[in-house]
Amino acid sequence: MGSSTLESCRWRCEALEPERAKPTGRRRRSCSRPLTHTDSMADSMEIDDSLYSRQRYVLGDRAMHQMAQSSVFLSGMGALGVEIAKNIVLAGVKAVTLHDSRQCEVWDLGTNFFIREEDVHSQKKRVEAVHSRVAELNPYVQVSVSTVALDDSTDLSFLLNYQCVVLTETRLTLQKRINHFCHSQQPPIKFIGCDVFGICSRVFCDFGDSFEVSDPTGEESKELFIQNITQDNPGVVTCMDNHTHGLQTGQSVCFREINGMSELNGITRQVTVVSPYSFAIGDTSSFPPYLHGGIFRMIKIPKTYSFETMEQQLRDPRLLIPDFSKPEAPLQIHATMIALDMFQEQHKRLPSIGCLQDSEVLLKLTEEVNETLKNKVCVNPSLVRCVSRCARGCLSPLAAAVGGIASQEVLKALTGKFTPLQQWFYLDALEVVQPLQSLPAEEFAPRGDRYDALRACIGEPLCSDLHKLHIFMVGCGAIGCEMLKNFALLGVGLARCSGEVCVTDPDLIEKSNLNRQFLFRPHHIQKPKSLTAAQATLEINSELQIAAQLNKVCPATEDMYNDAFYSRLNLVVTALDNVEARRYVDSRSVSNQKALLDSGTMGTKGHTEIIVPYLTESYNSHRDPPEEEIPFCTLKSFPAVIEHTIQWARDKFESAFSHKPSMFNTFWQNHLSAEDVLQRMKLGESMEGGFQVIKLLSRRPTHWEHCLTLARLKFDKYFKRKALQLLHSFPLDTRLKDGSLFWQSPKRPPSPLEFDVKDSLHFGFVVSTARLFAEIYNVPYSEKNLCYDAVSSVLTEVKIPEYRPAEKHIETDETAKKPDQLKLTVSSEEEREAISQLEEVITAGFITPENLRMTPLIFEKDDDSNGHMDFVETASALRARMYSIEAADRLQTKRIAGKIIPAIATATAAVAGLVALEMIKVVGGYGFESFKNCFFNLAIPVVVLTETAHVKRIQIRDDISFSIWDRWSITGHEDFTLSDFINAVRQNTSDSLVKRFDLLTHHYCDWGIPFEGPIKFTFQNRVTV
């Protein structure tokens, strides 16, 4: 057996052996026959929703299943390689082989967050050091290692075991050889090559000659109601209420529920956009006239992409441009990085730090490469020299950003979900290093510590500034974990330099967090996020000083996070998941004139915003339009789409199982005696909430059978009586004043549901509702009480009152708000009934401390055992059935009811890396033009870097203007009066402003505001104007 064959065998053994030993952690489907080649092995596995729930909303189950059957070969365990390993293991591929043959060095401690000091001291191989730490990120992923050499003589047949090959820290000639091998296979092995050299990075993708994408954008297909369809050639569809359709010419839509032009129902038509609100669908002239109703939905059509090999692409690259202020940069970096590869081939090393001779050699090579390009570019000598000086270094945040982007391309390669990168992406951090060119070369020289890779890029002075930094980070979720990792690698807030990272988050760790928040492990579940993340960060770099706290940052904690606290900070970082919290932190940062770095993700989308005192706008300077609320009457009586029924079910949960029990408890805490309440009601006293509380008390169940009875009555009320009452109030032939039908799109007439215990949906609703009643009323039950026979035997005995229609007002005004139940007028008959009910429970001896307490429930979407989602899912589905609305599956119901934000580790890593790059600029005190905000959507893919928004200044007159950052600070004392304050202003301002201030004080006099008497100071006796 030849040496190449032996080597190939070693590759196979190292890659495949762990598959036999490690359990998959996914449950197989039981089959009555063997799986055939036409079966999808992935479809026989269940997804662990408790772990992957947020990612499922990004990728979908089909893509998740495909990943679970895919293996990846990843070479190079440097800064970029370990980022990619982290992200794809968290995502949940089947298997990853980590390849590297290098030994751990001190240098790696500042670039690889999974290498420890003991690994360096024991001279471990990098791949062996990171293996166990990567593997513990996800028990469902088989992680194996290989340390054999990968070179020009290696037999590449071992790669046939993988669906995707990712190379980092690999020579360009070897990348071309491996790419050619992968491209020539049938089907092709997807190939990704990526590198980070100092301030420059690249990603290259080749997924073969014909790569089919099932869903190019990942956007949820919108359903919209139709206002009109013309009987013409072409027929034009107009959206109802001027809603924008969001379609593009060439896309396809499918129709349903059209009245009149019913031939279109179930048919797919290609569209030509006419306006944002209308589109043409071809000839409709032969169809009957459109009457009313109808819904259209965009149909996603698979798209095929063709890729060229790296060899073909080097001369004429297809480039993604991230920064349109320098559109030539990607091609300039392309030429420079090819030249850098040539330099390595010729000199067997990278350019030396600060070596002018090496930079000139690299510049000459870059000019030679440029001559070979099909589209030549103006070579940028400044860029080339910066690349030469920094090539040996590494900016770990740049590796994090590019690692997130490259990892998403791996997932695309395995799943066919989202549009792949075609074919090169370059990202640089030139703005980080350009202002440092005047520093002496020795400031960038290595010093034998973990920060040498960083120092080679930004120099010792800026490194030292990072070490001294005092940072306040609000939030410690997915972005927070990634930021802490970046802080550790950059040496932000070191104890020996009197720096500090203060992080606060009141939340506890849940299992669903483990899919993105990589500092947490299963044994951390239900532990505080901030404390756990701080401990994990210290394992990466024990030199950090971290103050971990469990507080919210809000007005209630301003005594803790006061002006004195902010005065000690250099900057603030938000890692939050809601707008209101961001707005509050932004207001405190502006008030205290501190820089703020904000970021966020939603699925594959991400944004960063850099806020710098006196230079940029603040977060509060712009506001997104408020979310459109569902009208009250729509939720209550006229649902049109599944979102309406899900929100209705969620509201019912909140009302019945949270709000009413809380109101009940509050009432009896304020009224300790039922007899006293009875007496006051008899005297005609109005008691807020009393009517509802007495109704709850009189109907309080004491046994499980009572809970089932209440649930069965709820079914009748929600899904039969409600429909009958609506049809009584608005018969099917009801017409509006203009003669049009009342029941036409988007209004749907309901159909009453007759209870059938054999219907699984009916049965599920009753059981889940009864369980929740048992919870709030503290009624015990056992598992055997939930079985079909036990439940049906109880339900057959339930007496259902005969329905009698009522003559009551049903709200149809979409602008009407939900009435306050506590403030509704109670009729005299209802008052008498409440008094009678209260007398009965008192006489029956039912008033005990236990019976005057209920247990309010807090909706918890991620615990399938508590029955909360069972109630919402079944209630929503039954209401959808009642109104002939297509029901949602449990996953979609959970997302809408729980207001879940889709999330994936790739976007989180990318956004945190981009923020950390901007942080370096803020610490360096860079000018406005250096800062970049970013928006990206990794699904498309698009990355857009833009300048931050200039702070707006308000002009009072030619020589006087102000912005949100400007203020006067006046220091007072305990007995400081308004008169003292005015005098202090006069002493500290120019004559022109004094005159204007005198005019202001004149108005104060006119308003009758006293000048004498102490001013109340809230922060350190300081007033800011």
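Residues numbered from 1 in each chain as written. Predicted model: local features only at pLDDT ≥ 70, side-chain atom pairs only at ≥ 80, totals over all residues. Heavy atoms only, no water.

Caption draft 1: Local environment of the environment of tyrosine 451. Looking at the element boundaries, tyrosine 451 is found in the loop between α13 (430-433) and α14 (452-467). You can call tyrosine 451 buried: its relative accessible area is 1%. Residues tyrosine 451 and glycine 393, 58 residues apart in the sequence, show an inter-C-alpha distance of 9.6 Å. A distance of 3.0 Å separates a polar atom in the side chain of tyrosine 451 from a polar atom in the side chain of asparagine 541. (Helix = DSSP H or I, 4+ residues; strand = E, 2+ residues; numbered from the N terminus. Buried < 20%, exposed > 50% of the residue type's maximum accessible area, 1.4 Å probe, protein only. Polar contact = N/O pair within 3.5 Å; in protein donor to acceptor, adjacent residues only side chain to side chain.)

Caption draft 2: How the structure looks around the packing of aromatic side chains. All told, the structure shown has 43 aromatic pairs when counted by the stated rule. Taking the centre distance of 6.3 Å and the plane angle of 70° together, the rings of tyrosine 718 and phenylalanine 765 count as edge-to-face. Of this pair, tyrosine 718 sits in helix α23 (residues 704-729) while phenylalanine 765 sits in helix α24 (residues 760-776), and the two are 47 residues apart along the sequence. Relative to tyrosine 788, the ring of phenylalanine 763 has its centre 5.6 Å away and its plane inclined at 40°; by these criteria the two rings are tilted. In this pair, phenylalanine 763 is assigned in helix α24 and tyrosine 788 in helix α25 (residues 788-795), connecting sequence segments 25 residues apart. Assessed through its relative accessible area of 17%, phenylalanine 763 is described here as buried. Under the relative-accessibility criterion, tyrosine 788 is labelled partly exposed at 35%. Each residue in the set Trp648, Phe653, Phe657, Phe715, Tyr718, Phe719, Phe755, Phe765, Phe773, Tyr777, Phe859 and Phe871 is aromatic and connected to the rest through ring pairs, giving one cluster. Over the face of the ring belonging to phenylalanine 444 we find arginine 389, whose NZ or CZ atom lies 3.9 Å from the ring centre. Residue placement shows lysine 747 over the ring face of phenylalanine 638; its charged tip is 5.3 Å from the ring centre. (Phe/Tyr/Trp six-rings, centres within 6.5 Å; stacked < 30°, edge-to-face > 60°. Lys NZ or Arg CZ within 6 Å of the ring centre and 35° of its normal.)

Caption draft 3: Here's a closer look at the pairing of strand β4 (residues 164-167). The two faces of β4 match: Cys164 and Val166 on one face and Val165 and Leu167 on the other face are all buried. Inspection of the sheet shows strand β1 (residues 71-75) paired to β4 by four bridges, in the parallel sense. Each bridged residue has a counterpart across the sheet, and for valine 72 the counterpart in β4 is cysteine 164. In this structure, β4 lies alongside strand β5 (residues 190-197), joined through four bridges in parallel fashion. Residue pairing for β5: valine 165 is matched across the bridge by phenylalanine 191. (Pairing = 2+ DSSP bridges.)

Caption draft 4: Focus on the packing of helix α20 (residues 642-670) against helix α28 (residues 890-897). Put simply, α20 and α28 touch, their axes get as near as 9 Å, and they point 65° apart. α28 is crossed by α20, and the crossing has right-handed handedness. For the pair α20 and α28, the contacting residues are Ile642, Glu643, Ile646 and Arg650 in the first and Gln892, Thr893, Ile896 and Ala897 in the second. In terms of residue class, the contact of α20 with α28 is built from four nonpolar, two polar and two charged. (Axes fitted to C-alpha atoms, helices over the stretch in contact; angles between N-to-C directions. Left-handed = near helix turned anticlockwise from the far one by under 90°. Contact = heavy atoms within 4.5 Å. Nonpolar A, V, L, I, M, F, W, Y, C, P; charged D, E, K, R; others polar.)

Read these as spatial facts, not as claims about activity.
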